[in-house]
Structures are given as structure tokens and as C-alpha cells.
Amino acid sequence: MKRTIIVRRDYLHWIRKYKRFEKRHRNIPVHCSPAFRVRDGDLVTIGECRPISKTVRFNVLKIDKQAATTDSGKKTFTGGL
């Protein structure tokens, strides 16, 4: 579990009765190679691989966007969807 990170995948699910979408999410355990320096808030691309452990079935392929941090180390709101 040393190199395992949890990726939150947000998606929308259509509710036919109300003709609206609802927000849902999944937490996916992902293996992160030591070559990647991943922090909280980073956007990553993951890919399916062979089972590495009981729950880990995905690898980090690349880091799409680094998390924006200020000098104090707090995360900032980037805005937009």
C-alpha cells in the first residue's frame, strides 16, 4: 500500500423519473510508480492493468495537471467544470 493512491472519479447518472442528472463518484485504488510525484488535487490519467493486489487493478499513466498551491501550502480554487 506504500505506492497506492486513491483516485476519485466523478460522473453524472441520468435519473429517468425526474429527467435530471445526479452526481456520483467512485474511489479507485491506483498504483503510482515512484517516477511520478503525485500530490493531492492532481489530475491523472489511469489505465487498467493486471491485478497488483486484492483491490488495485489500475496504474497511473501520466499526470495531466498539477494541483495549484499557494506559498502557504493550501489548495486554491481553480474554477470551472
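Residues numbered from 1 in each chain as written. Predicted model: local features only at pLDDT ≥ 70, side-chain atom pairs only at ≥ 80, totals over all residues. Heavy atoms only, no water.

**Concerning the overall build of the protein chain**
This is how the line gets drawn: Secondary structure follows DSSP: runs of H or I at least 4 residues long count as helices, runs of E at least 2 residues long count as strands, and numbering of each begins at the N terminus. Summary of the burial criterion: residues with accessible area below 20% of their type's maximum are buried, those above 50% are exposed, and those between are partly exposed, where the area comes from a 1.4 Å probe applied to protein chains only. When checking whether two residues touch, look at their non-hydrogen atoms; a contact exists if any pair is within 4.5 Å. Computed with the Shrake-Rupley method and a 1.4 Å probe, the accessible areas treat only the protein chains shown as cover for residues.
Scanning the protein chain from N- to C-terminus turns up zero helices and four strands. Out of the 81 residues in the protein chain, the part that is buried amounts to 14%. For the protein chain, the share of sequence-separated contacts (at least 6 apart) that also reach a separation of at least 24 residues comes to 37%. Taken as a whole, the protein chain presents about 7,300 Å² of accessible surface, with 52% of it coming from carbon and sulfur.

**Quick notes on the nonpolar core**
What counts, and what does not: To define a nonpolar core, start from buried Ala, Val, Leu, Ile, Met, Phe, Trp, Tyr and Cys residues and group those joined through side-chain atoms within 4.5 Å.
Core analysis: the largest hydrophobic core is formed by six residues, namely Val7, Ile28, Val30, Cys32, Val44 and Val60. For valine 30, the contacting residues outside a window of four places in its chain are Arg3, Thr4, Ile5, Val7, Ile46, Val56, Phe58, Asn59 and Val60.

**Some remarks on the pattern of salt bridges**
For the record, the criterion: One speaks of a salt bridge when a side-chain nitrogen belonging to Lys or Arg is within 4 Å of a carboxyl oxygen belonging to Asp or Glu.
Per the stated rule, a full pass over the model turns up three salt bridges. Residue arginine 8 is joined to aspartate 10 by a salt bridge in which the shortest nitrogen-to-oxygen separation is 2.9 Å. One salt bridge in this structure joins arginine 24 and glutamate 22, with 2.7 Å as the shortest N-O distance. Using a relative accessible area of 35% as the deciding quantity, one classes arginine 24 as partly exposed. What makes glutamate 22 partly exposed here is its relative accessible area of 30%.

**Quick notes on unusual backbone geometry**
Not every positive phi belongs to a glycine, and lysine 19 is a case in point at roughly 55°. In this fold, lysine 19 is placed in the loop between strand S1 (4–15) and strand S2 (20–31).

**As for a nonpolar patch on the surface**
The following threshold applies: A residue counts toward a patch only above 30% relative accessible area and without a salt bridge, and it is joined to like-charged neighbours within 9 Å or, for Val, Leu, Ile, Met, Phe, Trp and Tyr, to nonpolar neighbours within 5 Å.
Together, Leu12, Trp14 and Phe21 make up an exposed nonpolar region whose accessible area comes to about 350 Å². Tracing the backbone shows tryptophan 14 in strand S1.

**As for the confidence of the model for the protein chain**
Note the threshold: Known as pLDDT, the predictor's confidence for each residue is given on a scale from 0 to 100.
Scored by pLDDT, the protein chain has a mean of 88; 84% of the residues are at 70 or more. Averaged pLDDT values over the elements of the protein chain bottom out at 92 in strand S4 (residues 58–65) and peak at 96 in S2.

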